[in-house]
Amino acid sequence: MSQRGNQSTVEYDETERKGSEADPGAQAKTGTSSDDESFLLDDETVLVDTRPTWWGWTGSLTLAGMFVGLGLLLSVAELALGILALVPGVLIAGYVWYQRTYQRYLVTDRRIIVVAGMTTRTTNETWVEDVSGFQTKTTSFSRSRGYGTITVSHTVTPSGFGMGGDLQLQGVPDYEQVAQTIRRRQSERKGR
C-alpha cells in the first residue's frame, strides 16, 4: 500500500491583504480540502489549493440581489408577482454558489490542475515543465481586492483546454503569490 507524499497546501484567505509576503511553504497546512484526491499522483505535493474568489462574481451577485429585492418589494403588493421576480435572483445566486464551490485550482510540485464539477468531475491540467507561456491579468477593481486571472500556455494540443491551448485560472485570490509559486516550480522543474 503506497502512501501519498507530504501534501502541503497553501490556502489563501480572501480577507488577508498583501501585508504578508511570507514564503508559501511557511504558510503550508497538511492535507487538502477535498475527500477525493484520485487525480493526484502518489508522491505529488500540493503547493496551492484554492477556489475562485467571491469577488469575481460581484456583477452576478449584484443582479441576483436586485431581483431578490424587487421580488420582496413586489410581494407586498402582489405575492405571485413578487415570487416571479424573486425566482431569477435565487437561481442566479445558486448558480454562482455552485460555480464557485465546485471549482478548485491546484498547483502541485509537478502540475497545474483545474478541477470542476460536483457529481461529474472534470480536470484540466498541464505539467509545469510544459508551460511555454505565462500571463497574469487583473483590472483595477480586481487588483484592489487581490485577485486576478492566470493563463498558462503549454505544448499540449488544445483539445479540452479551450482556444489556443491555454489553461486559465480565473478569479484567483492572491494571484501574484500563486503566479510566483508556479514560476519557481517551473524554474526548478526545468533545471534553471
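Structure shown above.
Treat the numbers as computed from the prediction; the structure is a model and nothing was measured.

Calculation criteria
Residues numbered from 1 in each chain as written. Predicted model: local features only at pLDDT ≥ 70, side-chain atom pairs only at ≥ 80, totals over all residues. Heavy atoms only, no water. Helix = DSSP H or I, 4+ residues; strand = E, 2+ residues; numbered from the N terminus. Phe/Tyr/Trp six-rings, centres within 6.5 Å; stacked < 30°, edge-to-face > 60°. Buried < 20%, exposed > 50% of the residue type's maximum accessible area, 1.4 Å probe, protein only. Contact = heavy atoms within 4.5 Å.

**What to know about unusual backbone geometry**
Then, in step 1: Not every positive phi belongs to a glycine, and D174 is a case in point at roughly 50°.
Then, in step 2: With respect to the secondary-structure elements, D174 resides in the loop between β9 (166-173) and α4 (175-189).

**Observations concerning the packing of aromatic side chains**
Then, in step 1: The tally for this structure, following the rule as stated, stands at four aromatic pairs.
Then, in step 2: Summarising the aromatic geometry, the rings of W55 and F141 are spaced 6.0 Å apart at their centres and angled 75° between planes, so their arrangement reads as edge-to-face. Of this pair, W55 sits in the loop between β3 (46-50) and α1 (58-77) while F141 sits in helix α3 (residues 140-144); the two residues are 86 residues apart in sequence, bridging distant segments of the chain.
Then, in step 3: Using a relative accessible area of 36% as the deciding quantity, one classes W55 as partly exposed.

**As for the environment of I182**
Then, in step 1: Residue placement: I182 occurs in helix α4.
Then, in step 2: Here I182 falls in the buried class, since its relative accessible area comes to 1%.
Then, in step 3: Separated by 30 residues in sequence, I182 and V152 place their C-alpha atoms 9.8 Å apart.
Then, in step 4: Every residue in contact with I182, bar those within four places of it in the chain, is listed here: V107, I112, V128, F134 and I150.

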